[in-house]
Structures are given as C-alpha cells and as structure tokens.
Amino acid sequence: MANTITADDIREQFSQAMSTMYQQEVPQYGTLLELVADVNLAVLENNPRLHEKLVNADELARLNVERHGAIRVGRPEELATLRRMFAIMGMFPVSYYDLSQAGVPVHSTAFRPIDDAALARNPFRIFTSLLRLELIEDAQLRDQAAAILQRRDIFTPRCHELIALHEQTGAFTAVQASEFVKEALETFRWHRHATVDALTYHALHTEHRLIADVVCFPGCHINHLTPRTLDIDQVQALMPKYGIEPKILIEGPPRRDVPILLRQTSFKALDEPVLFAGEQEGTHTARFGEIEQRGVALTPKGRALYDRLLNEAGTGKDNLTHQLHLQEIFQSFPDSEMLLRRQQLAYFRYRLTPSGEAHRKAIRPGDDPQPLIERGWVVAQPIIYEDFLPVSAAGIFQSNLGNETQQRSHGNASKRRFEEALGCEVLDEFTLYEQAEERSKRRCGLL
Ligand code: OOG
Ligand code: NI
C-alpha cells in the first residue's frame, strides 16, 4: 500500500502530540523545556566538538524532543491493551522493574523501540507501571479499589476498534494513523473530575498516594515527560531561577568523562485542583516534569559494579554533597572508553573506517578490535543505554510522593504475574545490547 505509514512515523506523531498536550496541561513543564533548550544551547556554544558530533549523527534537530514519559494503570487488562496499542507504534516491553522493594506498590516495564534504526529515528519510551492491589493490606479497601477500577475503560471505543483493525490488516493508512494517535491520546489526558467522592479518595490516599492516583480517575494520565539535557547538573542548579522546585538529588551515577547509564532529576509534582463526585473541590499531586542524560549501556559485569558502588554510596541529604561523594566512590569505575571496552564493562558499536574497508580482507573473525582501533581501521562508539534504573525510578516516585519512604518490602518480585497481565514476556535488555554489539562486529568481519 503506497499510503501506508510506518510504526516509526506513528510513534513520532504520538510523541509530538503527547508533548503538545502536556505543555498545555502543565505550563511549568513548558518552562522546563525552555530551560533545557537554553542549557543545551549554551553547552553547544562552549563545545564545538560536541556540536559537530551531534550534527554528524543527525541529532541536533531532535535534541530538545522528549525521550520518555510515564503512566500507571490499575488493571491487568489495561496493561494488555496498552501493549497492543504501543506495538502499533513500534514500542515493545523491555525489562521488569520491581518497585515494591522501595515501598511503591507497583511493578513496571518500559515500552520502547528496539532496533537500531527505530531508536535512531525516535527513541520515545513509556515507563508503564501496574498497581499491585494485592499489596493493599486492608481487604475492604482492596475490594473497593478493584470495584472502582472494574467500572472504567481507559480507552475510547474507537481506539479499541482501531487497535483491532491494525491487528487484522497489519498497517494503517496516513488517515487511520492520525485518527489512531488522536484516539490514543485520550487515554493519557488529564481529567479534573475524579470518579470517586472525596471520602473514597482520601481513604485510598491514606493507604498510599499512588493508589489514589491510579484508582480515582477515568484515565491513566501521563504523569511526566522527559526531554534530554546535555548538562543535567546545570539544569538542576538553574531550576529555582526559572521558578521550578527541583527534587533534592540527581538520581543515578555521578558526572564522568564517559557517561554511563542514565542520570535523571525532576521537579516536584504540582498540587492541582480536582473535583470529586458530589462536586466537592480538592487537590491532587501527581504530575511533574523530568530531565534525563544518558550514557553507555553496561554489560552485566559493568552493571554489577554500578549496583555495588551505588549501594555503597547510599543517599545524601543535599545534591552537592551527594554528587561529590558519588564521584569519590565511583573512582573505582574505569572512566575511559578504552578501559570500559577492554574490561568488558560496557557495550560498543563497531564500524570500519574507509581505511578499514580497504583492508577488510586482513580482518578475521575473532580478531581483537583494539589494535585495529589503534591502527585507525575500526572505530567503536558507545551504545547508549535505552532503559531505566529501578533505584532511580524509586527515587523519582518517592520525590513525588512527598519523600515518604514507606518501606513495604514484600520483596517478592512477581515478574511472572506481571507478564501474565501483559500477555507476553518482557524482553531482556542485556540481550538487546549484546545483539546490537554483535551485529556491528559481524558487519566489520570481527565475528
Ligand atoms: C515513574 C517513575 C519512574 C523514571 O524515569 O525512572 C520514571 C512514575 O512516576 O510513574 O519515570
Ligand atoms: Ni521518568
């Protein structure tokens, strides 16, 4: 079909529509976008080499575009329908995150593009959490929450139809795709009208703020969007000047020469007016804005080292002290691309240079890439981390739940139950990075 459009096109349209909607809904998010754009511009002005690198990688135009968002749902069927919806946009569930260990009664996955070309086109991801009603201890409240959730449909009737249509035909025309994006957007829209009365809201809220957020509204409102910054420390420092209150700590690894994994921070969720059933007025605090800065994806060995050092560092009371402390602890994490590669701590994408192409015949499968890199035949570029970090995610959740750390360590991660709800297994992130590295090595004749 000539007028068929691709999953990548649909994801691109969808992420733009989400951004526009969220800027209208949460004006402070628009301010955050301005701040991020200002800082990115300043970084590029001071760093012509980085500027050139981004131009060469075709990344400049999309620099200030959102990289991820997050939603929370209440019922297994909702999660399963989201899986089908996101598949149409080329987004698939990767990794399982158990947040219950951090006192947050959800478990999660991230829907994201998985192949190299799709990631390069638009890496937009949605961190998606499913409420674990079984962690509500009060049986009566648990049943009540389940009954409330049972009554809602977070998808429009037309959205259901379009998902089914795409599953039958395998494609959308441009017109169908636009209609699909418009209908899908409704699922993530904010609703000022709660579905419950103030009493029910407060009962659920007292059990856990997150439970009230998931259960008491007719949709699964997008709770934040996250653009990419080139200097997260700078954005964090400037937030107050822009009238934005940052969360206390930047999550993730410290600033380094070679960035690893993911650093994130956010502004605190805003108090927003709501109307409960019976027209009683109140407020609800759930929605915020976040920024991220990504680095190289780590191998299981690198990740184990990261987890160990992060655990050793603990958390701090203020960001500056925390970052200095992290930097000290992370001195034992090698900070050059060469060492990360040689010690197999991180994943890289290999490419032949023109002189490498000219000597292709001299390259044998199994050759050590290092001498070839030194000879200028091969270049190795870090593979960017595309996933999330459970400790960081817990920190983001908690900063928006009033910093309360209600320990609720049931510890029993239920990956299997999550996958049953989802309707498929989640993909393994390490396998995806390893395959990307192997593909690139094979193209060079190194494998
Ligand atoms: C999700 C929090 C986690 C991240 O970037 O780690 C997250 C939520 O608050 O629903 O978005
Ligand atoms: Ni996030």
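Definitions and cut-offs
- Residues numbered from 1 in each chain as written.
- Chains lettered and ligands numbered in written order.
- Predicted model: local features only at pLDDT ≥ 70, side-chain atom pairs only at ≥ 80, totals over all residues.
- Heavy atoms only, no water.
- Core = buried A, V, L, I, M, F, W, Y, C linked by side-chain atoms within 4.5 Å.
- Buried < 20%, exposed > 50% of the residue type's maximum accessible area, 1.4 Å probe, protein only.
- Contact = heavy atoms within 4.5 Å.
- Helix = DSSP H or I, 4+ residues; strand = E, 2+ residues; numbered from the N terminus.
- Expected span 1.5 Å × (residues − 1).
- Arc of directions from axis to C-beta.
- Phe/Tyr/Trp six-rings, centres within 6.5 Å; stacked < 30°, edge-to-face > 60°.
- Donors = N, O, S within 2.8 Å, 3.2 Å for Na, K, Ca; no water.

Enquirer: What exactly am I supposed to notice about the nonpolar core here?
Expert: Across soluble globular proteins, nonpolar side chains have a tendency to be buried as a group. Grouped together as the largest cluster of nonpolar side chains are 71 residues, with contacts concentrated most on Leu99, Leu204, Tyr306 and Phe333. If we ignore the near neighbours within four places in the chain, the residues touching leucine 99 are Val104, Val106, Ser108, Phe127, Pro390, Ala393, Ala394 and Phe397. One finds Met89, Ala177, Phe180 and Leu238 within the second-largest nonpolar core, a separate group that totals 63 residues.

Enquirer: Help me understand helix α12 (residues 300-313) in this model?
Expert: Residues separated by three or four positions in an α-helix point in the same direction, a consequence of the helix having 3.6 residues per turn. With 14 residues, α12 should cover 20 Å at 1.5 Å per step; its first-to-last C-alpha distance of 20 Å lies within 8% of that length. The set of residues buried in α12 consists of Gly302, Arg303, Leu305, Tyr306, Leu309, Leu310 and Ala313. The arc enclosing the buried residues of α12, seen along the axis, measures out at 160 degrees, which places them on a common side. For α12, the exposed residues lying more than 90 degrees away from the buried face are Lys301 and Asn311. In this structure, the buried side of α12 is in contact with α13 (319-329), α17 (390-399) and α19 (429-444).

Enquirer: What am I meant to see in the packing of aromatic side chains here?
Expert: Ring pairs (aromatic) are described by centroid distance and by the angle formed between their planes. Scanning all chains against the criterion turns up 17 aromatic pairs. Here the aromatic rings of phenylalanine 14 and phenylalanine 86 are separated by 6.4 Å at their centres, their planes lie at 65 degrees, and the arrangement is edge-to-face. One end of the pair, phenylalanine 14, is in helix α1 (residues 7-25); the other, phenylalanine 86, is in helix α4 (residues 76-88), with 72 residues separating them in the sequence. On the basis of relative accessibility, which here comes to 0%, the residue phenylalanine 14 falls in the buried class. Residue classification places phenylalanine 86 among the buried residues on the basis of a relative accessible area of 0%. When the centroid spacing of 6.2 Å and the interplanar angle of 15 degrees are considered together, the rings of phenylalanine 86 and phenylalanine 188 count as stacked. Placement of phenylalanine 86 in helix α4 and of phenylalanine 188 in the loop between α8 (174-187) and β7 (193-197) is noted, with a sequence separation of 102 residues between them.

Enquirer: Would you mind showing me how to read the coordination of the nickel ion (ligand 2) here?
Expert: Ideal geometry at a metal centre: 109.5 degrees between donors when four sit tetrahedrally, and 90 or 180 degrees when six sit octahedrally. Bound to the nickel ion (ligand 2) on the protein side are His68 (NE2), His224 (NE2) and Glu290 (OE), at distances that span 2.1 to 2.2 Å. All donors of the nickel ion (ligand 2) come from a single chain, and their spacing in sequence reads H-x155-H-x65-E. Here histidine 224 lies in strand β8 (residues 224-227) and histidine 68 lies in strand β2 (residues 66-73), a separation of 156 residues in the sequence. For the pair shown, histidine 68 and histidine 224 are each scored as buried.

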